[in-house]
Amino acid sequence: MNQVFHIFKKEFKDYFISPVAYIVISIFLLVTGWFFFTPFFLYNQASLRDFFNLLPITFSFIIPAITMRLFSEEVNVGSYEILLTMPVTFRDVILGKFFASVVFVISMLVPTLAYPITVAFLGQLDLGPVIGGYIGAILLGASFCAFGLFASSLTRNQIIAFIIGLVICFSLAIVDKMLVFFSSTIVGVIGYLGAGFHFQNISKGLIDSRDVIYFFSIIFIGLYAAHIAMQEKI
């Protein structure tokens, strides 16, 4: 695990060297702040409903931008080959990069704690859905990070990695809203595949093991796919 921790530290530090990280955080806080404060000023209503409802869509744009460079940049400049000459395994590299991106997403969520604090000052805060919402946000963010990492492992071009990651994450975010287009025989299966569906369940404050298992399965599939993709590049 030492190698994983060293790679994690390097990748997490690199996020804050690049201006892209600050731009992504700023855009995320502007978008989420808009959806939180607009009902407050227009309807005198302080609620986290819109913030959590739109988080799967927001993450599907933001997280591919966070993960797009993780492999593609290193492969493009040739530093990935140097990394593999060190005493590390594919698993160490993938887990180190994955944990760095997940902790960055958590760091991005920390300033949004101002929203429930604001609600608590203005009225009665139902703590269960707030805790569930943030647990769901971390699981959702980790799932999208795993697929973003996979997208980055497919190409040396960061823009293409971003587009592939966006398509995968956006599809997972909205597929449960498109059930009307599918046959009734597979609606249950398609609905289960939707990350938005499972996130909304958890954000109600109800932690169901089926939703947790779904997110861990998605994370495993994304990381395993990235592992296979990087092995193929040797």
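Our subject is the structure that appears above.
These numbers were taken from a predicted model, which means no experiment stands behind them.

Participant: Looking at this structure, I do not really get the environment of I163. What am I missing?
Facilitator: Mapping I163 onto the fold places it in helix α10 (residues 158–174). In this structure, the C-alpha to C-alpha distance between I163 and S152, residues 11 residues apart in sequence, is 9.9 Å.

Participant: What is the right way to look at the packing of helix α1 (residues 2–17) against helix α7 (residues 90–109) in this model?
Facilitator: Between two packed helices, both the angle of their axes relative to each other and the distance between the axes serve to describe the pair. With their axes 8 Å apart at the nearest point, α1 and α7 run at an angle of 45 degrees to one another. On the basis of their axis angle, the class for α1 and α7 is oblique. As for the relative orientation of α1 and α7, their crossing is right-handed in sense. Between α1, through Q3, V4, I7, F8, E11, F12, Y15 and F16, and α7, the contact on the second element is made entirely by D92, V93, L95, G96, K97, F99, A100, S101, V103, F104 and S107.

Participant: Whenever I open this one, the packing of aromatic side chains confuses me. Can you help?
Facilitator: The relation between two aromatic rings is expressed through the spacing of the ring centres and the mutual angle of the planes. Enumeration over the complete set of coordinates arrives at 17 aromatic pairs. Measuring from centroid to centroid gives 4.5 Å for Y15 and F104, while their planes differ by 25 degrees, and the two rings are stacked. Pair noted here: Y15 is in helix α1 and F104 is in helix α7, with a separation of 89 residues, a long-range link. Of the two residues, Y15 and F104, both sit in the buried class. Between F51 and F52, the ring centres sit 4.9 Å apart and the planes meet at 50 degrees, which makes this aromatic pair tilted. Here F52 falls in the buried class, since its relative accessible area comes to 6%. Through a chain of ring-to-ring contacts, the aromatic side chains of F5, F8, F12, Y15, F16, Y22 and F104 assemble into a single cluster. Between R69 and the ring centre of Y15, over which it is positioned, the NZ or CZ distance is 4.8 Å. Over the aromatic face of F71 sits the side chain of K97, whose NZ or CZ is 5.2 Å from the ring centroid.

Participant: Would you mind showing me how to read a nonpolar patch on the surface here?
Facilitator: Side chains of M178, V180, F181, F182, I186, V189, Y192, L193 and I213 sit close together on the surface and give an oily, nonpolar patch of about 880 Å² of accessible area. Residue contributions to the nonpolar patch peak at 3 residues, all from helix α11 (residues 187–193). Summarising the element assignment, L193 is placed in helix α11. We classify L193 as partly exposed; its relative accessible area is 44%.

Participant: Would you explain the environment of P64 in this entry?
Facilitator: Along the polypeptide, P64 turns up in helix α4 (residues 55–67). Since its relative accessible area comes to 1%, P64 is described here as buried. Put simply, P64 and S171 are 107 residues apart on the chain and 13 Å apart in space, counted from C-alpha to C-alpha. Non-local contacts of P64, meaning those with residues more than four positions away in its chain, are made with F59, F162, G165, L166 and C169.

Participant: Can you help me understand α10 in this one?
Facilitator: Each turn of an α-helix holds 3.6 residues, which means side chains three or four residues apart point in the same direction. A rise of 1.5 Å per residue sets the reference length of α10, with its 17 residues, at 24 Å; its end C-alpha atoms lie 24 Å apart and thus fit the reference within 8%. By the burial criterion, the buried members of α10 are A161, G165, L166, C169, L172 and A173. Looking down the long axis of α10, one finds its buried residues gathered within 140 degrees of arc, a one-sided arrangement. As for α10, its buried residues are in contact with α4, α5 (69–77), α9 (127–154), α11, α12 (195–203) and α13 (209–232). The opening residue of α10 is N157, an N-cap whose side-chain oxygen sits 2.8 Å from the backbone nitrogen of I159.

So, how was this worked out
The written sequence of each chain sets the order in which its residues are numbered from 1. Whole-chain, interface and lining totals are the exception, using all residues; otherwise, since this is a predicted model, local features are given only for residues with pLDDT of at least 70 and side-chain atom pairs are given and counted only at 80 or more. In computing side-chain properties, one takes all heavy atoms of the structure into account and sets aside hydrogens as well as water. Helix and strand definitions follow DSSP, with helices as H or I runs of at least four residues and strands as E runs of at least two, each counted in order from the N terminus. Only the stretch in contact is used when a helix axis is fitted, and all axes are lines through C-alpha atoms; the angle between N-to-C directions ranges over 0 to 180 degrees. If an angle is under 35 degrees, it is roughly parallel; if it is over 145, roughly antiparallel; if it lies from 65 to 115, roughly perpendicular; otherwise it is oblique. Two helices cross in a left-handed way if the nearer one is turned anticlockwise from the farther one by less than a right angle. They cross in a right-handed way if the turn is clockwise. Between two residues, a contact is recorded if the distance between any of their heavy atoms is within 4.5 Å. Only Phe, Tyr and Trp rings take part, Trp by its six-membered ring, and two of them pair if their centres are within 6.5 Å. Stacked means planes under 30 degrees apart, edge-to-face means over 60, and tilted covers everything else. Categorising residues by exposure relies on relative accessible area from a 1.4 Å probe, with only protein chains included: less than 20% of the type maximum marks a residue as buried, more than 50% marks it as exposed, and the intermediate range marks it as partly exposed. Charge over a ring is defined by NZ of Lys or CZ of Arg lying within 6 Å of the ring centre and within 35 degrees of the ring normal. Nonpolar side chains (Val, Leu, Ile, Met, Phe, Trp, Tyr) within 5 Å and like charges within 9 Å form the patches, drawn only from residues with over 30% relative accessible area and no salt bridge. The accessible surface values rely on the Shrake-Rupley method and a 1.4 Å probe; as for residues, cover is taken only from the protein chains in view. By definition, a salt bridge exists where a carboxyl oxygen of Asp or Glu is found within 4 Å of a side-chain nitrogen of Lys or Arg. Take the residue count of a helix, subtract one, and multiply by 1.5 Å to get its expected span. Taking the helix axis as origin, the arc is that swept by the directions to the C-beta atoms. Polar contacts, as counted here, are pairs of nitrogen or oxygen atoms within 3.5 Å of one another; within protein the pair requires one atom able to donate a hydrogen and one able to accept it, and residues that are adjacent in sequence qualify only if both atoms are side-chain atoms.

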